[in-house]
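Geometric and topological summary
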Amino acid sequence: MRRAPTDVAETQKRFTRRALLLGGAQIGFMALLGLRMRHLQVDQADQYRLLAEENRINIRLIPPARGEIYDRNGVPVARNVQSYRITIVREDAGDIDSALTRLSSLVELDEDDVNRAVTEMKRSAPFLPVTIADRVSWDEMSRVAVNSPALPGITPEVGLSRTYPLAGDLAHVVGYVGPVSDYDLSKIENPDQLLRIPRFQIGKVGIEAKRETELRGKAGTKRVEVNAVGRVMRELDRREGEAGDDLQLTIDQRLQSYIQLRLGEESAAAVVMDCRNGDLLAVNSSPTFDPNLFVSGISVADYRSLTENKYRPLAAKSVQGTYPPGSTFKMVTALAALEAGLVSAEDTVYCPGHLEVANRRFHCWKRAGHGHMNLQTALRESCDVYFYEIALELGIDKISAMSSKLGLGERFDLPMSGVARGLNPTKDWKQSVRGASWVIGDTVNASIGQGFVLASPLQLAVMTARLASGLELMPRIVKSVNGVEQGIADPASLGLNENNLRHIRRAMFSVSNNRRGTAYGSRVIEDAYRMAGKTGTSQVRNISAAERAKGVFRNKDLPWERRDHALFVNFAPYDDPKIAVAVIVEHGGGGSTAAAPVARDITLQALYEGDPPLSAYPTKDRTRIEAQQKRIREMMPDRQGKRSGDRA
């Protein structure tokens, strides 16, 4: 059947309307698309160009050169050296075990380093390089470079590494660096992004840790082009960072090295301080350790050998160790009594060998007693009873106040780890800490540096320097930063009566120069360099009444850890004090036999700035000293830290 003309016309009209609607919709959509494209390509062009650029370009940090550390004469004690290392990229290496096997045929690999590297590779992105061997030799680098086609993903690299040329001589002062750990990061609020770099090295102890921010410097940046998976394709540009600050210490490297050798393997400490400005010329602890072992991560075996050593080589005994100062404290008690006007230099006390106090007998070290003693003879011969008697009249408050004035019980602001406060006991301290009242026996014990009194070798050196100078000297160990001298205020007067100080100094002089002095055997013969000192022997055990009745055991008959500590402090020259010295030999026995000879040798070495003439020593000692000087001279390091046995 044929449609009527009117039906055809109606159909055509409907088609035309649909076509117009569809076409209008298409035109509208195209218009909206065009507007959107214009918005993206024109209006938002800068924003999306930046996003695209950030997807293509990465900004990476460049570690700065760490600041170096020098002694007072410019000898490097911590420096950066060019080192060679071998890195591995997991995604390029393929089978890691096979790659390491091939590498081990060319380079000797440490098992601990390999295990650490494998662990790091598992935790890191596959395109990040991980160090597999550090500080390899040039020959090993060459072998790896030559065989690089057969070692995919393995690359020899050149970088900077920390080294300590003098090994253990300044280990307790300078400290060491090591790879940053999660524990390190947990202690830092808003850590520098440098610390996020795998195996980045930071100071762990000592000056390296305490002056970390200055030594670290500021990172540089580089722009690198990366592909879709983040692998670097090329470097576009770089901006170098700022190297860390160089530090110059007050330490005299030659003196420091001499003392380390003189102390040998004793568990001991020594501090040498300039009596004129507070500069620390030497700060030694013995035995020591090689800080280079820690730079890349110390092995379990090496670390165990240090921690299991009963002489505690990792401890900075000179500033961390606190000990009963023994008779070296007697100058504090004597000066407090003089300043209080309770005694004069001529007043005497009778010593029968003991003193009865509150139904308890306090003994003098000399069982038969010293007889009548005045201030000078009591210090010279170290009579305990003299100080017991004046302490009973003086009281602990005045003793404690004088102790504080002379620097005991103070934590000095030095950039070293674990600087100890020691203990300058008072009545309030005992009540708050021990929950007990102060008793008169506590005062008697404190008067001779026993009981609760504790001091570090550093504090004893400060005490001695203040006695010698009458000034409130403060110890200083950083001399300059980037060549700029670190300002030090002129020390104020201690406000003590100069006549009273002279009485103390004369008594200390007689200790070393009078035939009856406890340190006469370690005297200096050269008039211009005579020293004034004080011996000390501090007990680490209680002596029972039964033992006293049978006879007190000699130190050499006791186990090492039960023997007395040996101490000696001194300043020199007597007429014009330049240096103060404090020495402690742990469980060394008597101060006159174990510590005084060491302090005398250190004093002469410092004043002569090298080996003193044999004429400075008593005749009886010269043969021994000559052999000792020769032995130490042969072992002294050169400017590169090499000792004679290591030199080619």
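First, a word on what this report is: a plain description of the structure on this page. (Residues numbered from 1 in each chain as written. Predicted model: local features only at pLDDT ≥ 70, side-chain atom pairs only at ≥ 80, totals over all residues. Heavy atoms only, no water.)

1. Observations concerning the overall build of the protein
Within the protein one finds 25 helices and 21 strands. Across the 648 residues in the protein, those meeting the buried criterion constitute 48%. Excluding contacts between residues fewer than 6 apart, the proportion of contacts in the protein whose partners are at least 24 apart in sequence is 72%. Accessible area of the protein: about 31700 Å², with a carbon and sulfur share of 50%. (Helix = DSSP H or I, 4+ residues; strand = E, 2+ residues; numbered from the N terminus. Buried < 20%, exposed > 50% of the residue type's maximum accessible area, 1.4 Å probe, protein only. Contact = heavy atoms within 4.5 Å. Areas by Shrake-Rupley, 256 points an atom, 1.4 Å probe, with all protein chains shown as cover.)

2. Quick notes on the pairing of strand β17 (residues 478–481)
Where strand β10 (residues 247–249) and β17 come together, three bridges link them in antiparallel fashion. Within β17, the residue paired with glutamine 248 across the bridge is serine 480. Pairing geometry for β17 and strand β18 (residues 484–485), over two bridges, is antiparallel. For valine 481, the partnering residue across the bridge sits in β18 and is valine 484. Hairpin connection from β17 to β18: two residues lie between these consecutive antiparallel strands, with asparagine 482 at a positive phi of about 50°. (Pairing = 2+ DSSP bridges.)

3. A word on the sheet that holds strand β12 (residues 280–286)
Within the open sheet, the five strands sit side by side as β12-β11-β21-β20-β19. Their pairing is antiparallel. Looking at the sheet topology across the chains shown, the edges are occupied by β12 and β19 (532–538). The average angle at which neighbouring strand axes cross in this sheet is 5°, direction not considered. In the sheet, strand β11 (residues 268–274) pairs with strand β21 (residues 579–585) via seven bridges, with the strands oriented antiparallel. Its bridge partner being in β21, alanine 269 is matched across the sheet by isoleucine 584. The sheet contacts of helix α22 (residues 498–513) involve β19 and β20 (565–572), and relative to β19 the element is tilted by about 75°. (Axes fitted to C-alpha atoms, helices over the stretch in contact; angles between N-to-C directions.)

4. Topic: the pattern of salt bridges
Inspection of the entire model under this criterion finds 29 salt bridges. Residue aspartate 274 pairs with arginine 276 through a salt bridge whose shortest N-O separation is 3.0 Å. A relative accessible area of 6% means that aspartate 274 is categorised as buried. (Salt bridge = Lys/Arg side-chain N within 4 Å of Asp/Glu carboxyl O.)

5. What about the packing of aromatic side chains?
Inspection of the entire model under this criterion finds twelve aromatic pairs. Here phenylalanine 294 and tyrosine 303 contribute two aromatic rings whose centre-to-centre distance is 6.5 Å and whose plane-to-plane angle is 85°, an arrangement assigned as edge-to-face. Residue class for phenylalanine 294 comes out buried when judged on its relative accessible area of 8%. Under the relative-accessibility criterion, tyrosine 303 is labelled partly exposed at 40%. Measuring from centroid to centroid gives 5.9 Å for phenylalanine 362 and tyrosine 388, while their planes differ by 65°, and the two rings are edge-to-face. In this pair, phenylalanine 362 sits in strand β15 (residues 360–363) while tyrosine 388 sits in helix α17 (residues 384–394), placing the two residues 26 residues apart along the sequence. Grouping aromatic residues by their ring pairs yields a cluster made of Tyr176, Phe289, Phe294 and Tyr303. (Phe/Tyr/Trp six-rings, centres within 6.5 Å; stacked < 30°, edge-to-face > 60°.)

6. Things to note about empty space enclosed by the protein
Tallying each qualifying case throughout the model produces one cavity of 30 Å³ or more. Approximately 30 Å³ is the volume found for the largest cavity. Lining the largest cavity, in full, are Gly168, Asp169, Leu170, Ala171, His172, Val173, Gln256, Gln260, Val283, Asn284, Ser285 and Thr288. Elements that contribute at least two residues to the lining of the largest cavity include exactly α7 (171–174), α11 (253–263) and β12. A breakdown of the residues in the lining of the largest cavity according to their chemical character gives four nonpolar, seven polar and one charged. (1 Å grid on protein atoms, 1.4 Å probe; cavity = no way out; pocket = protein on both sides within 12 Å on 5 of 7 lines; lining within 4 Å. Points joined across faces, edges and corners; volume = space filled by probe spheres on them. Nonpolar A, V, L, I, M, F, W, Y, C, P; charged D, E, K, R; others polar.)

7. Considering the nonpolar core
If you look at the biggest cluster of nonpolar residues, it comprises 99 residues, and the most contacted ones within it are Ile69, Tyr386, Leu458, Met463, Leu467, Ile477 and Ile504. Residue contributions to this core peak at eight residues, all from helix α21 (residues 457–469). Setting aside its immediate chain neighbours within four residues, leucine 458 contacts Val271, Leu280, Ser318, Val319, Phe412, Leu414, Val419 and Pro475. (Core = buried A, V, L, I, M, F, W, Y, C linked by side-chain atoms within 4.5 Å.)

8. Some details on the packing of helix α15 (residues 330–340) against α22
The axes of two packed helices give the description: the angle between them and the distance between them. Running from N to C, α15 and α22 cross one another at 150°; their axes reach a closest spacing of 9 Å. One finds that α15 runs roughly antiparallel with respect to α22. Both α15 and α22 take part in a crossing whose hand is right-handed. Residues Met331, Ala334, Leu335, Leu338 and Glu339 of α15 form the contact with α22, whose own contacting residues are Asn500, Leu501, His503, Ile504 and Met508. (Parallel < 35°, antiparallel > 145°, perpendicular 65-115°, else oblique. Left-handed = near helix turned anticlockwise from the far one by under 90°.)

9. Here's the deal with helix α18 (residues 396–405)
Where α18 is concerned, the buried positions are Ile396, Ile399, Ser400, Met402 and Ser403. One face of α18 carries all of its buried residues, which in axial projection span an arc of 165°. Along its buried surface, α18 packs onto α15, α17, α19 (427–434) and α20 (440–447). In the segment just after α18, glycine 407 is the residue with positive phi, at about 100°. (Arc of directions from axis to C-beta.)

10. A closer look at a nonpolar patch on the surface
Residues Phe29, Met30, Leu33 and Met37 make up a contiguous nonpolar surface patch of roughly 410 Å² in combined accessible area. Along the chain, phenylalanine 29 falls in helix α1 (residues 5–43). The class of phenylalanine 29 is exposed, set by a relative accessible area of 52%. (Patch = residues over 30% accessible without salt bridge, like charges linked within 9 Å, V, L, I, M, F, W, Y side chains within 5 Å.)

11. Points about the packing of α11 against helix α24 (residues 591–608)
At their nearest, the axes of α11 and α24 sit 10 Å apart, and the two run at 160° to each other. In terms of axis orientation, α11 runs roughly antiparallel to α24. In terms of crossing hand, the pair formed by α11 and α24 is right-handed. On α24, the residues touching Leu255, Tyr258, Ile259, Arg262 and Leu263 of α11 are Pro597, Val598, Asp601, Ile602, Gln605 and Ala606. The residue makeup of the contact of α11 with α24, split by class, is eight nonpolar, one polar and two charged.

12. Notes on unusual backbone geometry
A negative phi holds for most residues other than glycine; trans holds for most peptide bonds. In the segment running from serine 286 into proline 287, the intervening peptide bond is cis, with an omega of -5°. Looking at where proline 287 falls in the secondary structure, it is placed in the loop between β12 and α12 (292–295). A cis amide bond links alanine 572 to the next residue, proline 573, at an omega of -15°. Along the chain, proline 573 turns up in the loop between β20 and β21. Phi at alanine 167 is positive, roughly 50°, even though this residue is not glycine. By secondary structure assignment, the location of alanine 167 is in the loop between β5 (154–163) and α7. A relative accessible area of 29% places alanine 167 in the partly exposed class. Of note in this structure, asparagine 482 is not a glycine but carries a positive phi near 50°. Examined against the element boundaries, asparagine 482 turns out to sit in the loop between β17 and β18. Residue classification places asparagine 482 among the partly exposed residues on the basis of a relative accessible area of 45%.

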